[in-house]
Amino acid sequence: MTSHYDHAQVQEFWQYVWERDDVYALDSDADDPTYVLGMFPYTSGTLHMGHIRNYAITDAHSRYRRMRGDDVLHPMGWDAFGLPAENAAFERKTDPESWTQACIRRMREELETMGFGYDWSREITTCEPDYYQWNQWLFKRLYEAGLVEYEAATVNWCPDCETVLADAQVAEREDEQSESSDQGSGEAASSDGTRVCWRCETPVGRRELDQWFFTITDYAEELHEGLEDLEGWPDGVREIQRNWIGRQEGARITFEVSDYSGDGSDGDGDRDRTVDVFSTRSETVYGATYLAVSPGHELARELADSDDAVDEYVETVREQDPDEVGFSGVETDATAVHPLTGEELPVYVAGYVLEDVGTGAVMGVPGHNGRDHSFALEHDLPIERVVAPDDGSDESEVESEAYTGEGTLEGSGEYDGLESETARERLVTDHDAFAEDVTYRLRDWLISRQRYWGTPIPVVHCDDCGHVLVADDDLPVELPEFVRTTGNPLDAAEEWNETTCPDCGGPARRETDTMDTFVDSSWYFLRFLSPDLADAPFDTDLAADWMPVDVYVGGDEHAILHLLYTRFFTRALADLGLLEEREPIRELKSQGTVLYDGEKMSSSKGNVVTPEEYGAETTRLFVLSAAHPEQDFEWTANNVRGAYDLQQTLYRMATEFVEESDTRLERRDHDEYVDREIDRTIAAVTEEYERFRFHRAATEIRELARLLRRYREYDRPHDEVYRRGLLTLAAVIAPMAPHLGEECWNKLRGDGLVVEADWPDPASDTSAYRLERGLVERTLEDVRDIVDVAAIDEPERIELVCAREWKYRAAELVDEAATDDPDAVPDTDAIVDRILAADGVGADRETV
Ligand code: ANZ
Ligand code: ZN
């Protein structure tokens, strides 16, 4: 019998058996299954090592949970809409549908080759009408709940993709030199500051368009607050989301603005109004030397009507890239009244004031805010210090640089001498013009895309009725046939485009924007619960029982977009009465990157290693045993070799055992020792699986395999103990290497599947074994203290002899050796020989 593991044959056989026995199907009657999910792949055409790592993690965990007796929901589907399919179709003279379906076929085959255990009866594909009709249905429900807006907006525009990009899809161009970003930092290691498209890296421009938005900002506070309780999420991801939401506490301060001639004036040409500003440092108000509004601010628009200089400035800034704007600005003929001193302040329109931050207006405090300082220098505005650093630094300092810290107030009337924080609190209670306020950096989610390969937004435009929602009965609005054109193919689909208004029956045109594909992935985990449900997106009863997702694994590039959108959707669905949970994911694992020569492994870099080269088990074992799931690791042939060897070793041991088995009844000390080591390994491996430390589980498995090998080599092992050891190995390796697990299990038992087997009983008293382990380790330490450990080339052998009584004998012998001649270097080989001889184990030693 060959003891070489032929991966192709073994894989094919067990995959056939698993499928035949339908071992991964989850019964919909299950009470509360453990829901294990890997972020579903974008259908790019082939799996890369990142996918494989991702799915090896979820697969190992779901197999482990299943062996522990859980019902497990472990589904898979396809994130199938998106621009790349459209581009590929364009280049290859095919259509996105055919291209995507071909990709799916290939990728599914690759997943199956890897032996990942999915309940394929739950497969979903987002580009199919029976999925995307629910995007449309949900769009309508969100619309009815007031969570959808249609607004003109200046948007990020990718000239190459010819589409709008959400803020979060604008990346900063990474410096060529820099390598992948640190886990959790959320920022590229370095960047040249150019804003580029996240997909094609073309520099991003600006455009003004009517666009559809989901008002995720309605949930800003809750999304921020909820992060606190997400204890199962990595701190890094929570921090990135916190920054993205960008909650800031401060005050809203109202300024009277007067004496300006705006449009619609009341005869004498002068108008009054108020302008609110948002400030995190309201106590610096006495240092305000001007007021500035953004070019998009209502006041700026009014002023532009009568003031050519303002009009021209507003137009210029509109066309500019944010970095070009700098600290340019234009003085207006309006004046603001300082709410506390009554002093008149000049009013500027300035591009550095952002329209959608705070109130879109600021009080300029050049002495204490860096941007205001730069603006003041450029426009010759006074710079005053009203907060003194508590270390008593020189007053002239703010002239050259703003003092942005807190301190003691000065030049601030009745507030002089107060600490910053106290002053802020007092101001809001003392004055009506001051009110506590909170702002967020988070913007509404722009979901419009001017592309074909996405979910049509279920709206028609009627000359008489404006935009009207398509009736539920008329969903889905299906995509028309693909046409090759630059720009948006839906604009070119004339026949599809012309329709009638659901309200008045008159002629109308379809909305030709499609939804951002992040809409698809914001709720797909719910569709897996009831993938064929025909009258709702998901079964609300099942959702009540089965949600949230217990473990979600994916790359940390999704720390912001996808994970924030899913949290928003979940809350919105809860408020629609469709869900009970408000957080979709209990435990999140963001997996690190697989590197190759220091670079990220990816098809675009041409450094992809495909699983076929090594076989499923070696690949799976390697990606799991190389590092903690959250760490990056390097793919090296050498390390892969380690995984390969482990697999061969286990296989050989299982095979040889079958060939040589016979029975010996009496148990000796070292049989007991090995038996306990098996228990200890089970306990340890169990703990490592619980904590997703597959690499450490693999180390434990490797150690037990080594011990069993030695056990067998020194002397004839006790069959029962040895066999139990091998069965344990087969069972505990199975979540990571299921084909190998089945193969060994089958050789040792001849029946049953390890995938359906119970997890080996962790020793009844785990702590006892740990204690034992600790004792052995401490004894080893003692031995090492006495003997020069460097000279012991076989520490495991010592470990073996250190068990129980042996360890005392070992210590005695070492002591003896040491007292005989304190200066002599102990002959460790001789000591080990004596130990082994004393128990009759040494006989085989020469043959080891
Ligand atoms: C006055 C002030 C004085 C401010 C001071 C800061 C320090 P940071 O600075 O990042 O913590 N701000 C408010 N709305 C803005 C807008 N639409 N565009 C540009 N800047 C805006 O953010 C808070 C500060 O950003 C706010 O507090 C405001 O300037 C500015 F010594 O108000 B501050
Ligand atoms: Zn109409």
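The rules behind each value
- Residues numbered from 1 in each chain as written.
- Chains lettered and ligands numbered in written order.
- Predicted model: local features only at pLDDT ≥ 70, side-chain atom pairs only at ≥ 80, totals over all residues.
- Helix = DSSP H or I, 4+ residues; strand = E, 2+ residues; numbered from the N terminus.
- Buried ≥ 20, exposed ≤ 12 C-beta atoms within 10 Å, placed from the backbone.
- Near = placed C-beta within 6 Å.
- Axes fitted to C-alpha atoms, helices over the stretch in contact; angles between N-to-C directions.
- Parallel < 35°, antiparallel > 145°, perpendicular 65-115°, else oblique.
- Contact = placed C-beta atoms within 7 Å.
- Nonpolar A, V, L, I, M, F, W, Y, C, P; charged D, E, K, R; others polar.
- Expected span 1.5 Å × (residues − 1).
- Pairing = 2+ DSSP bridges.
- Core = buried A, V, L, I, M, F, W, Y, C linked by C-beta atoms within 7 Å.
- pLDDT = per-residue confidence, 0-100.

1. Notes on the overall build of the protein chain
Okay, step 1: A tally of helices and strands in the protein chain yields 29 helices and 30 strands.
Okay, step 2: Within the span of the protein chain, comprising 848 residues, buried residues form 44% of the whole.

2. Brief notes about the site of ligand 1
Okay, step 1: Around ligand 1, the structure places 17 residues, and the nearest of them are S279, R281, V357, G358 and H368.
Okay, step 2: When residues of the shell around ligand 1 are traced back to their parent elements, those giving at least two are β11 (271-279) and β15 (361-364).

3. Focus: the packing of helix α2 (residues 49-67) against helix α20 (residues 616-625)
Okay, step 1: Where α2 contacts α20, the two axes come as close as 9 Å, and the packing angle between them is 90 degrees. By the angle class used here, α2 and α20 are roughly perpendicular. Touching I52, R53, A56 and A60 of α2 are T619, R620, V623 and L624, all from α20.
Okay, step 2: Residues of the contact of α2 with α20, tallied by class, amount to five nonpolar, one polar and two charged.

4. What about helix α24 (residues 719-733)?
Okay, step 1: Under the 1.5 Å per step criterion, the end-to-end length of α24 is 21 Å for 15 residues, consistent within 8% with the ideal 21 Å.
Okay, step 2: With eleven of 15 residues buried, α24 is to be regarded as a mostly interior element.
Okay, step 3: Those residues of α24 lying buried are V721, Y722, G725, L726, L727, T728, L729, A730, A731, V732 and I733.

5. Points about the sheet that holds strand β28 (residues 594-596)
Okay, step 1: The strand order across the open sheet built from three strands is β29-β28-β30, with neighbouring strands paired in mixed fashion. Each end of this open sheet is capped by a strand with a single partner; those strands are β29 (599-600) and β30 (633-634).

6. What to know about helix α23 (residues 694-714)
Okay, step 1: Taking 1.5 Å as the rise per residue, α23 with 21 residues should run 30 Å; its terminal C-alpha atoms sit 30 Å apart, in good agreement.
Okay, step 2: All of the buried residues in α23 are F694, A697, A698, E700, I701, L704, L708, Y711 and Y714.

7. Observations regarding the sheet that holds strand β24 (residues 507-510)
Okay, step 1: Pairing in this open sheet of four strands is antiparallel, and the strands run β22-β21-β24-β23 from one edge to the other. Whereas interior strands pair on both sides, the edge strands pair on one side only; in this sheet they are β22 (466-469) and β23 (498-500). Averaged over all adjacent pairs, the angle separating strand axes in this sheet is 45 degrees, with direction ignored.
Okay, step 2: The pairing of β23 with β24 spans three bridges and is classified as antiparallel. Residue pairing for β24: T499 is matched across the bridge by A508.

8. A word on the nonpolar core
General note: in soluble globular proteins, nonpolar side chains tend to be found buried as a group.
Okay, step 1: Ranked by internal contacts, the top residues of the largest apolar core, which has 163 residues, are L650, A654, L726, L729, A730, I733 and C744.
Okay, step 2: Top element by residues in this core is α24. It accounts for nine residues.
Okay, step 3: Not counting residues within four places of it along the chain, the set of residues in contact with L729 comprises L650, I701, L704, A705 and C744.
Okay, step 4: If you look at the next biggest cluster of nonpolar residues, it comprises 50 residues, including I253, L291, A334 and A402.

9. With respect to the confidence of the model for the protein chain
Keep in mind that low pLDDT regions are not for reading the predicted coordinates in detail.
Okay, step 1: For the protein chain, per-residue confidence averages 85 on the pLDDT scale, and residues scoring 70 or more make up 82% of the total.
Okay, step 2: Per-residue pLDDT stays below 50 along residues 764-773; that stretch engages in nine contacts with residues further than four places along the chain or on separate chains.
Okay, step 3: Throughout residues 838-848 the model reports pLDDT below 50, and contacts reaching past four residues in sequence, or to other chains, amount to 13 contacts.

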